[in-house]
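Below, each chain spelled out in residue letters.
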Amino acid sequence: MAIPSFSADAPMAELGDALDEAGCLVVTDALDEHGRDRIRKELAPHMEVVRVAETDSPEDFYPGRTRRSSALIARSDTVGDITLDPHTTALCDRFLTPNSEFGYQLHVTAALEVGPGAREQVLHREEDSFTFFPPPRPNMILASMWAVTDFRADNGGTLLVPGSHKWPAEREAQPDEVLSAEMPAGSVLYWLGGLLHGAGANTSNDWRYGVILTYSLGWLRQEENQYLDVPPEVAANLRPELQKMIGYGMYRALGFSLDRRVGVRPD
Ligand SMILES: O=C(O)CCC(=O)C(=O)O
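Residues numbered from 1 in each chain as written. Predicted model: local features only at pLDDT ≥ 70, side-chain atom pairs only at ≥ 80, totals over all residues. Heavy atoms only, no water.

(A) Up close: the overall build of the protein chain. Of the regular secondary structure elements, the protein chain holds eight helices and ten strands. A buried classification covers 49% of the 267 residues belonging to the protein chain. Within the protein chain, contacts between residues separated by at least 24 positions form 78% of all contacts whose residues are at least 6 apart in sequence. Distance from the positive charge centre (24 side chains) to the negative charge centre (40 side chains) of the protein chain: 5 Å. (Helix = DSSP H or I, 4+ residues; strand = E, 2+ residues; numbered from the N terminus. Buried < 20%, exposed > 50% of the residue type's maximum accessible area, 1.4 Å probe, protein only. Contact = heavy atoms within 4.5 Å. Lys, Arg positive; Asp, Glu negative; His and termini not counted. Charge placed at Lys NZ, Arg CZ, Asp CG, Glu CD.)

(B) Looking closely at the state of the cysteines. Inspection of every chain in the model, using the stated rule, returns zero disulfides. There is no disulfide at cysteine 24, and the cysteine sulfur nearest it, in cysteine 92, is 16 Å away. By relative accessible area, which is 0% here, cysteine 24 ends up buried. (Disulfide = S-S within 2.5 Å.)

(C) Broad picture of the sheet that holds strand E7 (residues 179-180). Spatially, three strands are ordered E7-E6-E9 in an open sheet, and the strand pairing comes out antiparallel. Every other strand in the sheet has two partners, leaving E7 and strand E9 (197-198) as the edge strands with one partner each. (Pairing = 2+ DSSP bridges.)

(D) The arrangement of the sheet that holds strand E5 (residues 141-147) in detail. If you walk across this open sheet you meet the seven strands as E1-E2-E8-E5-E10-E4-E3, and the pairing is mixed. Two strands close off the open sheet at either side, each with one partner strand: strand E1 (5-7) and strand E3 (66-69). Ignoring strand direction, the axes of neighbouring strands in this sheet form an average angle of 20°. In the sheet, E5 pairs with strand E8 (residues 188-192) via five bridges, with the strands oriented antiparallel. The residue of E8 that forms the bridge with alanine 143 is tryptophan 191. Contacts from helix H2 (residues 33-47) reach E3, strand E4 (104-114), E5 and strand E10 (208-217) within the one sheet, and its direction differs from that of E10 by about 90°. (Axes fitted to C-alpha atoms, helices over the stretch in contact; angles between N-to-C directions.)

(E) Examining the site of the ligand more closely. The full set of residues close to the ligand is Phe61, Tyr62, Arg68, Leu112, Gln121, His124, Met145, Thr158, His197, Ala199 and Arg208. At 3.3 Å, a side-chain N or O of glutamine 121 approaches an oxygen atom of the ligand. Here histidine 124 contributes a side-chain N or O atom positioned 3.0 Å from an oxygen atom of the ligand. Protein coverage of the free-state accessible area of the ligand, which is 290 Å², stands at 94%. (Near = heavy atom within 4 Å. Polar contact = N/O pair within 3.5 Å; in protein donor to acceptor, adjacent residues only side chain to side chain. Areas by Shrake-Rupley, 256 points an atom, 1.4 Å probe, with all protein chains shown as cover.)

(F) Structural view of the pattern of salt bridges. According to the stated counting rule, one finds nine salt bridges in the structure shown. The partner of glutamate 113 in a salt bridge is arginine 67, with the nearest N and O atoms 2.8 Å apart. Here glutamate 113, found in strand E4, pairs with arginine 67, found in strand E3; they are 46 residues apart in sequence, far enough to count as distant. For aspartate 128, the salt bridge identified is with arginine 137, shortest N-O distance 3.3 Å. A residue is classified by how much of its surface remains accessible, and aspartate 128, at 35% relative accessible area, is partly exposed. Overlapping salt bridges, with partners in common, bring together Arg152, Asp154 and Asp206 in one network. (Salt bridge = Lys/Arg side-chain N within 4 Å of Asp/Glu carboxyl O.)

(G) Expanded view of the side chain of asparagine 155. Relative to the assigned elements, asparagine 155 resides in the loop between E5 and strand E6 (159-160). Asparagine 155 gets classed as buried once you look at its relative accessible area, which sits at 1%. A distance of 3.0 Å separates a polar side-chain atom of asparagine 155 from the backbone oxygen of aspartate 150. One polar contact links the side chain of asparagine 155 to the main-chain amide nitrogen of arginine 152, over a distance of 2.7 Å. Excluding residues within four positions of it along the chain, asparagine 155 makes contact with Val114, Asp150, Ala201, Asn202, Ser204 and Arg208.

The following block contains the structure:
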């Protein structure tokens, strides 16, 4: 099974059908060069101070020779903009809302650079924290990866196992089932939380740069602690849709704060 690829003006229903079948999807021409430059510039002070490990052990979840930074909503207005991208929200509406009728939320934000010499990351599923449900699980997470640079098979492009979102837990991916999500800078890759994936090895001389934004059902614990990474004084300056998306809202009775008046009705 191949990784489906569409341009940003393709009908949403076709994108959604392709994602449903393959568990992954590339949308090209989603972020122009100006937007990519702004992301790099806004995140540069945070990426520059990340210590790059030269060595790692095969069990480490994060391979050496990679650079990672999170708390992106507090650090980059442009990441805030793409968080609310209409393709993403349409896909969340289709894949998450049926299991979360009062809304979904931002789950993880991270800028991920894969440097020359980095090894492959272990294949995993975004939903693996939710062990209560055995795979194949109900849809709980939608992931997106924004390509700030080109993603290629030789520079650490994300590895995906199309179709594996429908597999039982015991089925392992064979080498010929693992594909590299090659895509030009400005594309966005989507995958469902049940899909096996991981960062590829980088055998080139270039750094691969991506921004991962994942979304989860509104009643789940978020993987990144947004309340620490985007504390109230920072969240106060965000637009209301983004405040709600990072978790400063309520899901039925979940998430109230009487002191901060979240969830308090005017009457
Ligand atoms: O960097 C990538 O391509 C994938 C990263 C990933 O899956 C992770 O860090 O959990």
